[in-house]
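Now for the letters of each chain:
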Amino acid sequence: MKDFRDKVAQTAESSTWVIEGNYLAEVGCDIVWRRADTLVWLDLPRRLAVGRALRRTFVRVARREQLWATNRQPLSALSPSSVGRLVRRWPEYSRRIAAALDVDVYPHLKVVRLRSDREVADWLAAIQPVNDSM
């Protein structure tokens, strides 16, 4: 875990970066959030997010997609216990992020909380650079 934390910290020291992940306890707050200026929080409804995660996992397993290095999604990711854990734990993610943000440690952090596909689309449209070459 130390190597992972060191690599994340090194990346977050650079002047521009984007980090995605669910490692809230491991590196999220104390490394990434302290150095970030914006947190984009995809807080989608459980039925939508879990459905997408299951479809993505099924495709990765079926195609034996390489995720990183030589890692592939194992078939066990679709076991009843894994799926049940994902469904049960989904609300916990939002509570953990909300609780971490409730602490007065990140006043510099602009939080963009997106709760629907429409909000995501609107936000992306708003941040797209205008094409002035016409």
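Residues numbered from 1 in each chain as written. Predicted model: local features only at pLDDT ≥ 70, side-chain atom pairs only at ≥ 80, totals over all residues. Heavy atoms only, no water.

Participant: Explanation requested: the overall build of the protein in the structure shown.
Facilitator: Tallying secondary structure elements over the protein gives 5 helices and 4 strands in all. Going from N to C terminus, the protein has its helices and strands arranged as α-α-β-α-β-β-α-β-α. Structurally, the protein occupies a C-alpha span of about 45 × 45 × 30 Å along its principal axes. By residue count, 25% of the 134 residues in the protein fall in the buried class. For the protein, the share of sequence-separated contacts (at least 6 apart) that also reach a separation of at least 24 residues comes to 60%. For the protein, the computed accessible surface area is about 10000 Å², with 54% contributed by carbon and sulfur atoms. Charge-centre separation for the protein: the mean point of 23 positive side chains lies 9 Å from the mean point of 16 negative side chains. (Helix = DSSP H or I, 4+ residues; strand = E, 2+ residues; numbered from the N terminus. Buried < 20%, exposed > 50% of the residue type's maximum accessible area, 1.4 Å probe, protein only. Contact = heavy atoms within 4.5 Å. Areas by Shrake-Rupley, 256 points an atom, 1.4 Å probe, with all protein chains shown as cover. Lys, Arg positive; Asp, Glu negative; His and termini not counted. Charge placed at Lys NZ, Arg CZ, Asp CG, Glu CD.)

Participant: Which parts of the structure should I look at to understand unusual backbone geometry?
Facilitator: Comment: phi is negative for the bulk of residues other than glycine, and the bulk of peptide bonds are trans. The backbone phi angle of Arg64 is positive, close to 55°, even though this residue is not glycine. By the secondary structure assignment, Arg64 is in the loop between α3 (46-63) and β2 (66-68).

Participant: Explanation requested: the packing of helix α2 (residues 24-35) against helix α4 (residues 80-102) in the structure shown.
Facilitator: Any two packed helices are characterised by the angle at which their axes cross and by the distance between the axes. Packing of α2 against α4 brings their axes to within 12 Å, and their N-to-C directions diverge by 30°. Considering only the axes of α2 and α4, their crossing is right-handed. On the side of α2, the interface is formed by Leu24, Ala25, Cys29 and Trp33, while α4 contributes Arg96, Ile97, Ala100 and Leu101. The class makeup of the residues in the contact of α2 with α4 is 7 nonpolar, no polar and 1 charged. (Axes fitted to C-alpha atoms, helices over the stretch in contact; angles between N-to-C directions. Left-handed = near helix turned anticlockwise from the far one by under 90°. Nonpolar A, V, L, I, M, F, W, Y, C, P; charged D, E, K, R; others polar.)

Participant: What should I look at first to understand the packing of aromatic side chains in this one?
Facilitator: Aromatic ring pairs are described here by two measures, namely the spacing of the ring centres and the angle between the planes. A complete count under the given rule lists 2 aromatic pairs for this structure. Seen from their ring centres, Trp90 and Tyr93 are 5.4 Å apart, and the 80° between their planes marks the pair as edge-to-face. Of this pair, Trp90 and Tyr93 are both found in helix α4, 3 residues apart, which corresponds to roughly one turn of the helix. Seen from the ring of Trp41, Arg113 lies directly overhead, with NZ or CZ sitting 3.9 Å from the centre. (Phe/Tyr/Trp six-rings, centres within 6.5 Å; stacked < 30°, edge-to-face > 60°. Lys NZ or Arg CZ within 6 Å of the ring centre and 35° of its normal.)

Participant: What should I look at first to understand a nonpolar patch on the surface in this one?
Facilitator: A cluster of nonpolar side chains, Met1, Phe4 and Tyr23, forms an exposed patch at the surface whose accessible area comes to about 320 Å². Its location among the elements puts Phe4 in helix α1 (residues 2-13). Looking at Phe4, the relative accessible area reads 31%, which means it is partly exposed. (Patch = residues over 30% accessible without salt bridge, like charges linked within 9 Å, V, L, I, M, F, W, Y side chains within 5 Å. Salt bridge = Lys/Arg side-chain N within 4 Å of Asp/Glu carboxyl O.)

Participant: Whenever I open this one, the nonpolar core confuses me. Can you help?
Facilitator: Nonpolar side chains in soluble globular proteins generally cluster together in the buried interior. The biggest cluster of nonpolar side chains holds 16 residues, and the ones touching the most others in it are Cys29, Ile31, Val32, Trp33 and Leu109. The biggest single contributor to this core is α2, with 6 residues. If we ignore the near neighbours within four places in the chain, the residues touching Cys29 are Leu24, Arg34, Ala100 and Tyr106. (Core = buried A, V, L, I, M, F, W, Y, C linked by side-chain atoms within 4.5 Å.)

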